[in-house]
Amino acid sequence: MEEQLMTIKNEALSLILDAGDIKTLEEVKLQFLGRSGKLTLALKDIVNVPLLQRAEIGQLINEVKQSVEEAIDRQGEMLKNKRLEKKRESIDVTNPGIKPPSGHIHLVTHAINEITAIFEKIGFTRVRYPEVEWDWYAFTALNFPENHPARDDWETFFTTEDVDSKKGSIILTPHTSNGQIREMQRVVKEQKGKGDISIRMLNIAKTYRRQSDVSHTQMFHQFEGLVVGKDISIVHLKGTLDYFVKSFFGENREIRLRPYHFQFTEPSFELDINCGVCLGKGCKLCKAGWLELGGAGIVHPNVLTFGGVDPKIYSGFAFGFGPERCMMMKEGLEIDDLRLLYSNKLEFLTQF
Ligand code: DAH
């Protein structure tokens, strides 16, 4: 029996090594390990082995079986590698490569970059000021007296219950107007005694409000312009906004300033642009021919004073708009739910 097993083993191993392809190897496997394979039958035959030798022979059969199985695996692996190598050798180098998937910048980032470039052309510098800020910069220094009801319009997030005796609470900026005070203080400090104050600032930052529904996201962006100098007037404000609107939306667009109220500007306006579809005649989209863009005005003397700028010598104008709104108005996008912009859903983002 032992001898017979050794013969089977040798025969199997030599056939395995000779197998030149997977199909032949499968046949060899069947011949020895299949249901009526030689080793399977030998194992079945064990009942005919005298009882005393049975354990020993049984173990031997298993050892033979194992080494045959291992040899089959090794040969199989070798044949597979050979096949791959052959395939590699026959690669057609003129085939186009596989393109890795590539993304693109977010549509809001795109709008921000475009807005920045437009203002940089006329001498504005983009700056960034804190988005987690003292109440003093975001409200008090912008001419909101303590506990003034107008503060409620900003739906502000407060981060702590502690209140600093001078600077108030720490908040998430509900608008970018805090940048006005920060920029004036910076320039005043830098210029001290050296020359005139001249500011052309564009503060673009994230802003936060306690509102979330189809037309509001809790986080959004604003771009805040501030110009301060000698003899700055409403003419400069109107010219700048007209330039921006024509550059961003198209040469055929007109603006209008509609009287409004903000604590930090006097006079204050809302800027409207004529509808891109009917050009001001009135249609289904715009109703009365005009679309609202955002707030603007002549900087209030108290705000200049809080910034360290003398309102008897200097004047300025300011504006604050949303890049998301500008982008949607320009592209004529009617996004059902504004929250989609920040959902990171690829089905949405890859459309642009
Ligand atoms: N901060 C205002 C807002 O969030 C927008 C604004 C209005 C900014 C008038 C200005 C301005 O600089 O002059 O609604």
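Residues numbered from 1 in each chain as written. Predicted model: local features only at pLDDT ≥ 70, side-chain atom pairs only at ≥ 80, totals over all residues. Heavy atoms only, no water.

J.: Is there a simple way to explain the overall build of the protein in this structure?
T.: A count of helices and strands for the protein gives 11 helices and 10 strands. In terms of overall dimensions, the protein is more spread out than a globule: its C-alpha atoms have a radius of gyration of 39 Å, far above the 20 Å expected for 352 residues. Overall size of the protein, expressed as C-alpha extent along the three principal axes, is 120 × 50 × 45 Å. Taking the contacts inside the protein whose residues are at least 6 apart along the sequence as the reference set, 66% of them involve residues at least 24 apart. For the protein, the exposed surface amounts to about 20,700 Å²; the carbon and sulfur share of it is 53%. (Helix = DSSP H or I, 4+ residues; strand = E, 2+ residues; numbered from the N terminus. Rg over C-alpha atoms; globule rule 2.2 N^0.38 Å. Contact = heavy atoms within 4.5 Å. Areas by Shrake-Rupley, 256 points an atom, 1.4 Å probe, with all protein chains shown as cover.)

J.: In this structure, what is going on with helix H10 (residues 323–331)? I would like to understand it.
T.: If you check which residues of H10 are buried, you get Pro323, Glu324, Cys326, Met327, Met328 and Met329. Each element contacted by the buried residues of H10 is listed here: helix H5 (107–120), strand E6 (219–229), helix H8 (234–249), strand E8 (265–274), strand E9 (290–299) and strand E10 (315–321). (Buried < 20%, exposed > 50% of the residue type's maximum accessible area, 1.4 Å probe, protein only.)

J.: Whenever I open this one, the site of the ligand confuses me. Can you help?
T.: Within the structure, the ligand sits among 16 residues, and His175, Ser177, Arg209, Gln222 and Glu224 are positioned closest to it. Taking Gln222, its side chain carries an N or O atom lying 3.0 Å from an oxygen atom of the ligand. Backbone polar atom of Phe319 to an oxygen atom of the ligand: 3.3 Å apart, as the coordinates give it. Elements with a minimum of two residues in the shell around the ligand: E6, E9 and E10. Split into classes, the residues belonging to the shell around the ligand amount to six nonpolar, eight polar and two charged. (Near = heavy atom within 4 Å. Polar contact = N/O pair within 3.5 Å; in protein donor to acceptor, adjacent residues only side chain to side chain. Nonpolar A, V, L, I, M, F, W, Y, C, P; charged D, E, K, R; others polar.)

J.: Quick question: what am I supposed to make of the environment of Glu69 here?
T.: Tracing the chain through its elements places Glu69 in helix H4 (residues 51–89). Linking Glu69 and Lys29, residues 40 residues apart in sequence, is a C-alpha distance of 8.1 Å.

J.: I keep staring at the packing of helix H2 (residues 22–33) against H4 and nothing clicks. Help me out?
T.: Between two packed helices, the angle of one axis relative to the other and the distance separating the axes together describe the packing. Where H2 meets H4, the closest approach of the two axes is 10 Å, and the angle between their N-to-C directions is 170 degrees. Relative to H4, the element H2 is oriented roughly antiparallel. The residues of H4 that touch H2, namely those facing Ile22, Leu25, Lys29 and Leu33, are Lys65, Val68, Glu69, Ile72, Gln75, Gly76 and Leu79. Considering only residue class, the contact of H2 with H4 consists of six nonpolar, two polar and three charged. (Axes fitted to C-alpha atoms, helices over the stretch in contact; angles between N-to-C directions. Parallel < 35°, antiparallel > 145°, perpendicular 65-115°, else oblique.)

J.: For this particular structure, what's the right way to read the domain arrangement of the protein?
T.: In many analyses, interface size is given as the accessible surface area lost on bringing the parts together. What the domain assignment lists for the protein is domain 1 (2–90) and domain 2 (107–349). Taking only C-alpha atoms into account, the centre of domain 1 sits 80 Å from that of domain 2. (Domains from an automatic or database assignment.)

J.: Before we go on, may I ask you to explain the nonpolar core in this structure?
T.: As a rule of thumb, nonpolar side chains are buried together in soluble globular proteins. Ranked by internal contacts, the top residues of the largest apolar core, which has 42 residues, are Phe223, Phe244, Phe249, Leu293 and Phe319. Take this core: its biggest share by element is seven residues, from H5. (Core = buried A, V, L, I, M, F, W, Y, C linked by side-chain atoms within 4.5 Å.)

J.: Even after reading the chapter, I still don't get the pairing of E9, so can you show me in this structure?
T.: Moving residue by residue along a regular strand, the side chains alternate between the two faces of the sheet. Burial analysis of E9 places eight of its 10 residues in the buried class, which makes it a mostly covered element. One ladder, built from eight bridges, connects E8 with E9; its direction is antiparallel. Within the sheet, the bridge partner assigned to Ser268 lies in E9 and is Gly297. Sheet analysis places E9 next to E10, joined by five bridges and oriented antiparallel. Note that in E10 the partner of Ala296 across the bridge is Phe319. (Pairing = 2+ DSSP bridges.)

J.: Whenever I open this one, the sheet that holds E6 confuses me. Can you help?
T.: By definition, the strands of a sheet pair up through backbone hydrogen bonds, in either a parallel or an antiparallel sense. Across the sheet, seven strands lie side by side as E1-E5-E6-E10-E9-E8-E7; this open sheet has mixed pairing. Looking at strand neighbours, the two that pair on one side only are strand E1 (125–127) and strand E7 (255–262), the edges of this open sheet. Shown here is a sheet whose adjacent strand axes are inclined to one another by a mean of 25 degrees, direction ignored. Lying over the sheet, H5 contacts E1, strand E5 (199–208), E6 and E10, oriented at roughly 165 degrees with respect to E5.

J.: Whenever I open this one, unusual backbone geometry confuses me. Can you help?
T.: What is expected of a backbone is that most residues other than glycine have negative phi and most peptide bonds are trans. The step from Glu266 to Pro267 runs through a cis peptide bond, and the omega angle for that step is 0 degrees. The residue Pro267 is located in strand E8 in this model. Even without glycine at this site, Asp231 takes up a positive phi of about 60 degrees. Position of Asp231 relative to the elements: it lies in the loop between E6 and H8. We classify Asp231 as exposed; its relative accessible area is 67%. Here Leu279, not a glycine, exhibits a phi torsion of approximately 50 degrees, which is positive.

J.: I would appreciate a short explanation of a negative patch on the surface in the present structure.
T.: A cluster of like negative charges, contributed by Glu69, Glu70, Asp73 and Glu77, occupies part of the molecular surface. Residue placement: Asp73 occurs in helix H4. On the accessibility criterion, Asp73 (54% relative accessible area) is exposed. (Patch = residues over 30% accessible without salt bridge, like charges linked within 9 Å, V, L, I, M, F, W, Y side chains within 5 Å. Salt bridge = Lys/Arg side-chain N within 4 Å of Asp/Glu carboxyl O. Lys, Arg positive; Asp, Glu negative; His and termini not counted. Charge placed at Lys NZ, Arg CZ, Asp CG, Glu CD.)

J.: Just to check I follow, could you spell out the sheet that holds strand E2 (residues 132–134) for this structure?
T.: Taken in spatial order, the three strands of this open sheet run E2-E4-E3, and their pairing is antiparallel. Two strands lie at the open edges of the sheet, namely E2 and strand E3 (157–158), each paired on one side alone. Both E2 and strand E4 (residues 170–172) contribute to a ladder of three bridges, which runs antiparallel. Directly across from Trp134, in E4, lies its bridge partner Ile170.

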